[in-house]
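Breakdown of the fold
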Amino acid sequence: MKTLLLLRHARPAPTSPTGRDFDRPLAEEGRADARRVGQFLRQKEIKPEIVLSSPAARARETADLVCEAAELSTQARLDARIYEASLEELLQIISEAEDGVETLLLVGHNPGLAELIALLTGKSEAVSPATLTRIELDIDAWGDAHNAAGRLAFSLPPRKE
């Protein structure tokens, strides 16, 4: 059994200092939401062994804040392929995870994440910024994820407190 956590980056600022979409940082609300996701992981004692993130500023910042708030001992690994990834590219990235890893957190973007959830669970879910989705996969190797019929354990949009 493998656990795949998918997290859409938190709410970004509308623009970036460079004018490039890739460089958009998180908005203040996004920073708060990312911290809440990390606190949720800590409270539920969910500890991904690997965190993979898009290198886009908003995803990288989301991953860093989540890891910090969750008190994870791991740091996010940046993978340029996650930015603007297709469904097939996301499956390839997941398949490369070490088989000894039981829980993997991938921080990325839509529409790829929503398509991945639909493929693995058969359920169409709204994936707003900072939505955390947990999928249970009855597989022994991450390379088998593309054939898995996963169970959607939860899909949680950010909570306001």
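Look above for the structure.
A quick note: this is a predicted structure, and the numbers were derived from the prediction, not measured.

Remarks on a negative patch on the surface
A cluster of acidic residues, D99, D138, D140 and D144, forms a negative patch on the protein surface. By relative accessible area, which is 43% here, D99 ends up partly exposed.

Points about the pattern of salt bridges
The tally for this structure, following the rule as stated, stands at twelve salt bridges. Residues D23 and R20 are paired through a salt bridge, measuring 3.5 Å at the closest nitrogen-oxygen approach. Residue class for R20 comes out partly exposed when judged on its relative accessible area of 47%. Between E28 and R31 there is a salt bridge, and its shortest N-O distance comes to 3.1 Å. Of the two residues, E28 and R31 are both situated in helix α1 (residues 28-43); the distance of three residues between them amounts to about one turn of the helix. You can call E28 exposed: its relative accessible area is 55%. The exposure class assigned to R31 is partly exposed, which follows from its relative accessible area of 22%. Through salt bridges that share partners, D21, R24 and R58 make up one connected network.

Cut-offs and rules
Residues numbered from 1 in each chain as written. Predicted model: local features only at pLDDT ≥ 70, side-chain atom pairs only at ≥ 80, totals over all residues. Heavy atoms only, no water. Patch = residues over 30% accessible without salt bridge, like charges linked within 9 Å, V, L, I, M, F, W, Y side chains within 5 Å. Areas by Shrake-Rupley, 256 points an atom, 1.4 Å probe, with all protein chains shown as cover. Salt bridge = Lys/Arg side-chain N within 4 Å of Asp/Glu carboxyl O. Lys, Arg positive; Asp, Glu negative; His and termini not counted. Charge placed at Lys NZ, Arg CZ, Asp CG, Glu CD. Buried < 20%, exposed > 50% of the residue type's maximum accessible area, 1.4 Å probe, protein only. Helix = DSSP H or I, 4+ residues; strand = E, 2+ residues; numbered from the N terminus.

The analysis is restricted to geometry; functional conclusions fall outside its scope.
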